[in-house]
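# Observations on the three-dimensional arrangement
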Amino acid sequence: MGVVGGTGRTKLKVGVLISGGGTNLQALIDACSENSFPVEICVVISNVADVKGLERAEKANIPTAVVSHKDYNGREPFEAAINEVLAQHKVKFVCLAGFMRILTDSFVRKWHDRLINIHPSLLPAFKGLHIHERVIDEGVRFTGCTVHFVRPAMDDGPIIIQAAVPVLPGDTPDILGARVLKSEHKIYPMALKLVAENKARIVGEKVVLLGTETPELALLNPCEG
Ligand code: GAR
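Here the structure is a predicted model, which is why all the values come from computation and not from measurement.

Counted according to the given criterion, the structure contains five salt bridges. As a salt-bridge pair, D113 and R151 come within 2.7 Å of each other at their nearest N and O atoms. Residue D113 is located in the loop between helix 4 (105–110) and strand 5 (115–119), and its partner R151 is located in the loop between strand 6 (142–149) and strand 7 (159–166); the two are separated by 38 residues in the primary sequence. Note on D113: relative accessible area 31%, which makes it partly exposed. Given a relative accessible area of 6%, R151 falls into the buried group. Between R151 and E205 there is a salt bridge, with its nearest N and O atoms 2.8 Å apart. Residue R151 is found in the loop between strand 6 and strand 7, and its partner E205 is found in the loop between strand 8 (200–203) and strand 9 (206–209); the two are separated by 54 residues along the sequence. What makes E205 partly exposed here is its relative accessible area of 43%. Each of D113, R151 and E205 takes part in one network of salt bridges that share partners.

Take a positive patch on the surface next. A cluster of basic side chains, namely K90, K92, K110 and R114, defines a positive patch on the protein surface. With respect to the element layout, R114 can be found in the loop between helix 4 and strand 5. Looking at R114, the relative accessible area reads 30%, which means it is partly exposed.

Taken together, G21, G22, T23, N24, G98, M100, I118, H119, P120, D155, L181 and E184 are the residues near the ligand. Residue G22 places a main-chain N or O atom 2.8 Å away from an oxygen atom belonging to the ligand. N24 places a main-chain nitrogen or oxygen 2.9 Å from an oxygen atom of the ligand. Contributions of two or more residues to the shell around the ligand are made by helix 1 (23–32), strand 5 and helix 6 (173–196). A class-by-class count of the residues in the shell around the ligand yields four nonpolar, six polar and two charged.

Summed over all chains, the structure comprises two aromatic pairs. With a centroid separation of 6.3 Å and an interplanar angle of 50°, the aromatic rings of Y72 and F78 are classed as tilted. Assessed through its relative accessible area of 4%, F78 is described here as buried. Seen from their ring centres, F107 and W111 are 6.4 Å apart, and the 40° between their planes marks the pair as tilted. Note on accessibility: F107 and W111 belong to one class, buried.

Quick look at the sheet that holds strand 3 (residues 64–66) now. By definition, the strands of a sheet pair up through backbone hydrogen bonds, in either a parallel or an antiparallel sense. Across the sheet, seven strands lie side by side as 3-2-1-4-5-6-7; this open sheet has mixed pairing. Looking at which strands have only one partner, the edges of the open sheet turn out to be strand 3 and strand 7. Here the strands of the sheet are splayed against their neighbours by 20° on average, with no regard to which way each runs. Taken together, the four bridges between strand 5 and strand 6 define a ladder with antiparallel strand orientation.

Looking now at helix 3 (residues 75–88). Over its 14 residues, helix 3 runs 20 Å from end to end, which matches the ideal 20 Å to within 8%, given 1.5 Å per residue. For helix 3, the full list of buried residues reads F78, E79, A81, I82, N83, V85 and L86. On its buried face, helix 3 is in contact with strand 1 (12–18), strand 2 (39–46), strand 3, strand 4 (93–96) and helix 4. Looking one or two places after helix 3, you find K90, whose phi comes out positive at around 55°.

Reading guide: rules and limits
Residues numbered from 1 in each chain as written. Predicted model: local features only at pLDDT ≥ 70, side-chain atom pairs only at ≥ 80, totals over all residues. Heavy atoms only, no water. Salt bridge = Lys/Arg side-chain N within 4 Å of Asp/Glu carboxyl O. Helix = DSSP H or I, 4+ residues; strand = E, 2+ residues; numbered from the N terminus. Buried < 20%, exposed > 50% of the residue type's maximum accessible area, 1.4 Å probe, protein only. Patch = residues over 30% accessible without salt bridge, like charges linked within 9 Å, V, L, I, M, F, W, Y side chains within 5 Å. Areas by Shrake-Rupley, 256 points an atom, 1.4 Å probe, with all protein chains shown as cover. Lys, Arg positive; Asp, Glu negative; His and termini not counted. Charge placed at Lys NZ, Arg CZ, Asp CG, Glu CD. Near = heavy atom within 4 Å. Polar contact = N/O pair within 3.5 Å; in protein donor to acceptor, adjacent residues only side chain to side chain. Nonpolar A, V, L, I, M, F, W, Y, C, P; charged D, E, K, R; others polar. Phe/Tyr/Trp six-rings, centres within 6.5 Å; stacked < 30°, edge-to-face > 60°. Pairing = 2+ DSSP bridges. Axes fitted to C-alpha atoms, helices over the stretch in contact; angles between N-to-C directions. Expected span 1.5 Å × (residues − 1). Contact = heavy atoms within 4.5 Å.

Here you go:
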């Protein structure tokens, strides 16, 4: 534990923030179970008690904490409590995985370039909520998902990986959402690995992918095949 298999390099210490089912968290847990994956999840924090995501973390022997926004008078003290838990677990990098609270500029600034999010659309299209309903209502032919560094504006920030997903005749928001979610589970671990290996560099607020294999990664659709 703590060292990337066979390399002697230290794993990136990550905290994951969730609010619900945690299927993206599960994808990250599964990736981290490989000794060669350069990340160690040190803590999972949920702002909602008794969610399935917490069970997933416990099953993987990852420490958990519930920090409910309802117990705090405003966003700042709520986020201060989250930061305290992250610090206790020596977290260096934060992943939002279905975390449904808007973060303050000050939290986002504190974690600048050390905070990533997954969003179920091809950003910058379809920011916000009820994405799949809106996608179907607009009649677009492709949607998808995005892993991006977080900036203060909602669903904004340098894009690391996207996957395109077709919108098919007869899709309901649930059917389309499930199709998109499958792609989310592929790209979130890929994006986190790139970041942990320092291969996703931000240059002029765009992500440049470094390394011999990675330029192709930026071009292909990770969910093909
Ligand atoms: C995922 O679709 C994720 O992209 C979305 O919430 C879902 C969480 O599912 N996040 C957002 O909409 C954030 N803006 P999960 O709990 O099963 O990972």
